[in-house]
Amino acid sequence: MKKIAFFCIPAHGHTNPMLPVAAELVQRGNTVRFYSFDEFEEKIKATHAEFVSCDRFLPQLTAEEEAGLKNISTTEMTIQDIRITLSMDSFLGEEFAAFQPDVVYTDSVCFWGKLNAWKHHVPMVVSVSTFAFNQLSSQYMKNSPKEMADMIFGLPKISRELETLKPYGYHVKNALSLVQNDNNTDSVVYTSKSFQPYAESFSNHYAFVGPSVFSKALPRKTKDRPLIYISMGTIINDRPDFYGKCIDALKDLHVDVIISCGQNMQQKIPGKLPDNIKSYPYVDQLDVLSKANAFITHCGMNSVSESLYMATPMILYPQTNEQCAVAKRVTDMKAGILLQKDSSSDIRSAVEKILGNDSFAENAKKCSEDFRSCPGTAGAAEFIENAPHPSEGRDIIEEMNKQHGKTQLLYWLIAATVIILFGSLLSWRFVWIIGVAAGVLSYPIGKAMQKRTYKKIVEKTI
């Protein structure tokens, strides 16, 4: 039996999928020590894992820092994760010495879990709470200009913070090396290979185990009136305007509606609700989804996974670039509709389209069957117990990059030849136009060639 240390950030969407895995590992006779935060204490203890509170290491935030976190600033989240790592250094050094874990199971963006696994030379398995992202699958994420600016202008600040780690024995090249999914790190991903974009590009170090849930209940869709479920998750859910539009859109439809809106419910949904609509701070989401006929969702990975697990099609209303990636994958599977505008009439139209076209429910059911055929929490537990795993098979990303490098070299050789010929035979005065055009075209042509190379390698592998 193994001693396994769990680490996670203070976020429901990252902690929740780790809980069934912890319960499974304990049931199999392992000792699990879960380093987390007080709001999750009850849930963690229910798995029979040991709970270790880390609240005292959370920094006191300025108003500006807190606003940055609420706005999902990548820069601010990275900086705070680094500072938490430093504040926990002495404590975790003592914990690793006393507990002597055989394996560390850490959330993919929990820096203190990853860094201490590396520092203390303990085999590590990463918990991936959304899709696994590499240079191919990350194309599903479309950063807004604001998000791009945050990342670009935040790099100097992040670099300065990374320098503070070195005196404590944490050596990191850059922030990307802390958060990226590479083909040499053992990782558990809570989805199926069919739902993971570019699944073939990930090595045998990845276990696609399907949704991590406690419930084994089956969908129960037969009822007198369709049920519509609405939730905006646990982070960006302060949307009284959106809830109001949903209420206005659905109050006169022949449907029942359940809204889960988190804390401060009365501030978000004031006044008396129509008879067919009920709101709650929290609900048993899997139970509601097992009966729901449509789900209006912010497209968090957990919510989408649970919805498809229960064969419920969705109206997709993503709020972040990561959620947009998840929403795109749902539309790829034809199991949901993207809400382009959030007016009452648009919400009503989307709901009517989902309810009036059986193909959405049928496609959601296919996803449910796919998810339920995955190894699940038992497969995740076995993968963690057997870490570290050897590297076997082909690394498609590495092969693709090598071939792509040759293609790029050929492209620029051709561009240089065209420039020289143009200048020699016609005029050197305007060759800069060809150079600019070659530079502008290099990105879309490079992407197209990269995808073509990937497809060829996958076909050969299969």
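Residues numbered from 1 in each chain as written. Predicted model: local features only at pLDDT ≥ 70, side-chain atom pairs only at ≥ 80, totals over all residues. Heavy atoms only, no water.

Trainee: Is there a simple way to explain the nonpolar core in this structure?
Mentor: Side chains that are nonpolar tend, in soluble globular proteins, to be buried together. Grouped together as the largest cluster of nonpolar side chains are 54 residues, with contacts concentrated most on Phe-6, Phe-7, Tyr-105, Trp-112, Val-188 and Ile-384. Among the elements that line this core, the one with the most residues is helix H5 (residues 74-99), at six residues. Those residues within four positions of Ile-384 in sequence are excluded, and the remaining contacts are Ile-4, Val-21, Leu-25, Val-103, Tyr-105, Val-125 and Val-188. Formed by 29 residues, the second largest nonpolar core is a distinct cluster that contains Phe-131, Phe-133, Leu-286 and Val-304. (Core = buried A, V, L, I, M, F, W, Y, C linked by side-chain atoms within 4.5 Å. Buried < 20%, exposed > 50% of the residue type's maximum accessible area, 1.4 Å probe, protein only. Helix = DSSP H or I, 4+ residues; strand = E, 2+ residues; numbered from the N terminus. Contact = heavy atoms within 4.5 Å.)

Trainee: How should helix H7 (residues 145-163) be read in this particular structure?
Mentor: One turn of the α-helix equals 3.6 residues, which is why residues spaced by three or four share an orientation. For H7, with 19 residues, the first-to-last C-alpha span of 28 Å sits near the 27 Å given by 1.5 Å per residue. Taken residue by residue, H7 has Gly-154, Ile-158, Glu-161 and Leu-162 as its buried positions. For H7, the elements touching its buried residues are H5 and helix H8 (175-179). (Expected span 1.5 Å × (residues − 1).)

Trainee: Quick question: what am I supposed to make of the sheet that holds strand S4 (residues 103-107) here?
Mentor: Backbone-to-backbone hydrogen bonds join strands into a sheet, with any given pair of strands oriented parallel or antiparallel. Ordered in space as S3-S2-S1-S4-S5-S6-S7, the seven strands form an open sheet in which the pairing is parallel. Because the sheet does not close on itself, it has two edges, and the strands there are strand S3 (50-53) and strand S7 (206-208). Here the strands of the sheet are splayed against their neighbours by 20° on average, with no regard to which way each runs. Taken together, the four bridges between strand S1 (residues 3-7) and S4 define a ladder with parallel strand orientation. Looking across to S4, one finds that Ala-5 is bridged to Val-104. (Pairing = 2+ DSSP bridges. Axes fitted to C-alpha atoms, helices over the stretch in contact; angles between N-to-C directions.)

Trainee: Help me understand the side chain of Ser-203 in this model?
Mentor: Relative to the helices and strands, Ser-203 resides in the loop between strand S6 (187-189) and S7. Taking relative accessible area as the criterion, Ser-203 reaches 10% and is therefore assigned buried.

Trainee: How should I be thinking about the state of the cysteines in this particular structure?
Mentor: What is meant by a disulfide is a covalent connection between two cysteines, made through their sulfur atoms. Evaluated as defined, the whole model comprises zero disulfides. Of all cysteine sulfurs in the structure, the one in Cys-261 sits closest to Cys-246, which takes part in no disulfide; the separation is 11 Å. Judged by its relative accessible area of 1%, Cys-246 is buried. Taking the relative accessible area as the measure of exposure, Cys-261 reaches 0% and is therefore buried. (Disulfide = S-S within 2.5 Å.)

Trainee: Explain the pairing of S3 to me, please; I cannot follow it from the model alone.
Mentor: Where strand S2 (residues 31-36) meets S3, four bridges bridge the pair, whose relative direction is parallel. By the bridge assignment, Ser-36 is partnered in S3 with Ser-53. Once you follow S2 into helix H3 (residues 41-46) and on to S3, the crossover reads as right-handed. (Right-handed = clockwise from strand over helix to strand, strands pointing away.)

Trainee: I tried to follow unusual backbone geometry on my own but got confused; where do I start?
Mentor: Most of the time, phi is negative for any residue but glycine, and the peptide bond is trans. In this structure, the amide linkage connecting Ala-387 to the following residue, Pro-388, adopts the cis form with an omega of 0°. Among the structural elements, Pro-388 can be located in the loop between helix H16 (376-385) and helix H17 (396-425). Here the phi dihedral of His-121 falls at roughly 55°; this positive angle occurs in a residue that is not glycine. Relative to the helices and strands, His-121 resides in the loop between helix H6 (111-119) and strand S5 (124-128). Located in the positive-phi region is Lys-334, a residue other than glycine, with phi close to 55°. As for its position among the elements, Lys-334 is in the loop between helix H13 (321-332) and strand S13 (336-338). The class for Lys-334 is exposed, based on a relative accessible area of 55%.

Trainee: Sorry, what's going on with the packing of helix H12 (residues 301-309) against helix H15 (residues 358-372) here?
Mentor: For any two helices packed against each other, the geometry is given by the interaxial angle and the distance between the axes. Packing of H12 against H15 leaves a shortest axis separation of 7 Å and a crossing angle of 100°. Considering the angle they form, H12 stands roughly perpendicular to H15. Taken together, the residues of H15 that come into contact with H12 (itself represented by Ser-305, Leu-308 and Tyr-309) are Ala-364, Cys-367, Ser-368, Phe-371 and Arg-372. Taken together, the residues of the contact of H12 with H15 sort by class into five nonpolar, two polar and one charged. (Parallel < 35°, antiparallel > 145°, perpendicular 65-115°, else oblique. Nonpolar A, V, L, I, M, F, W, Y, C, P; charged D, E, K, R; others polar.)

Trainee: Hey, could you run me through the packing of H17 against helix H18 (residues 431-461) in this one?
Mentor: In the contact formed by H17 and H18, the axes pass within 9 Å of each other and the chain directions differ by 150°. The angle between H17 and H18 places the two elements in the roughly antiparallel class. Here H17 and H18 pass one another in a crossing that is right-handed. For the contact of H17 with H18, a count of residues per class yields 17 nonpolar, 13 polar and one charged. (Left-handed = near helix turned anticlockwise from the far one by under 90°.)

Trainee: How should the sheet that holds strand S11 (residues 294-297) be read in this particular structure?
Mentor: On the basis of which strands lie adjacent, the open sheet formed by six strands has the order S10-S9-S8-S11-S12-S13 and parallel pairing. What marks the edges here is a single partner per strand, and that holds for strand S10 (277-280) and S13. The mean inter-strand angle of the sheet, taken between neighbouring strand axes irrespective of direction, is 15°. For strand S9 (residues 256-260) and S10, the ladder comprises four bridges, and the chain directions are parallel. Counted as the bridge partner of Ile-259 is Ser-279 from S10.

Trainee: Would you mind showing me how to read the packing of aromatic side chains here?
Mentor: Within a pair of aromatic rings, the relevant descriptors are the distance that separates the centres and the angle that separates the planes. Tallied over the entire structure, the rule returns 17 aromatic pairs. Measuring from ring centre to ring centre gives 6.1 Å for Phe-7 and Phe-96, while their planes differ by 10°; the resulting arrangement is stacked. Here Phe-7 is found in strand S1, whereas its partner Phe-96 is found in helix H5, with 89 residues between them in sequence. Each member of the pair, Phe-7 as well as Phe-96, carries the same accessibility label: buried. Ring centres 4.3 Å apart and planes at 10° place the aromatic pair Phe-242 and Tyr-317 in the stacked group. Of this pair, Phe-242 sits in helix H9 (residues 240-250) while Tyr-317 sits in the loop between strand S12 (314-316) and H13, placing them 75 residues apart in sequence. Each member of the pair, Phe-242 as well as Tyr-317, carries the same accessibility label: buried. Three or more aromatic residues joined by ring pairs form one cluster here, namely Phe-7, Tyr-35, Phe-57, Phe-91 and Phe-96. (Phe/Tyr/Trp six-rings, centres within 6.5 Å; stacked < 30°, edge-to-face > 60°.)

Trainee: What exactly am I supposed to notice about the pattern of salt bridges here?
Mentor: Any two side chains of opposite charge can pair, on the condition that their charged atoms come close. Under the definition given, this model contains 17 salt bridges. Here Arg-28 ties to Glu-385 by a salt bridge, and the two come within 2.9 Å at their closest N and O atoms. One end of the pair, Arg-28, is in the loop between helix H2 (18-27) and S2; the other, Glu-385, is in helix H16, with 357 residues separating them in the sequence. Accessibility expressed as a relative area gives 16% for Glu-385, which makes it buried. Taken together, the salt bridges that share partners define one network made up of Glu-24, Arg-28 and Glu-385. (Salt bridge = Lys/Arg side-chain N within 4 Å of Asp/Glu carboxyl O.)

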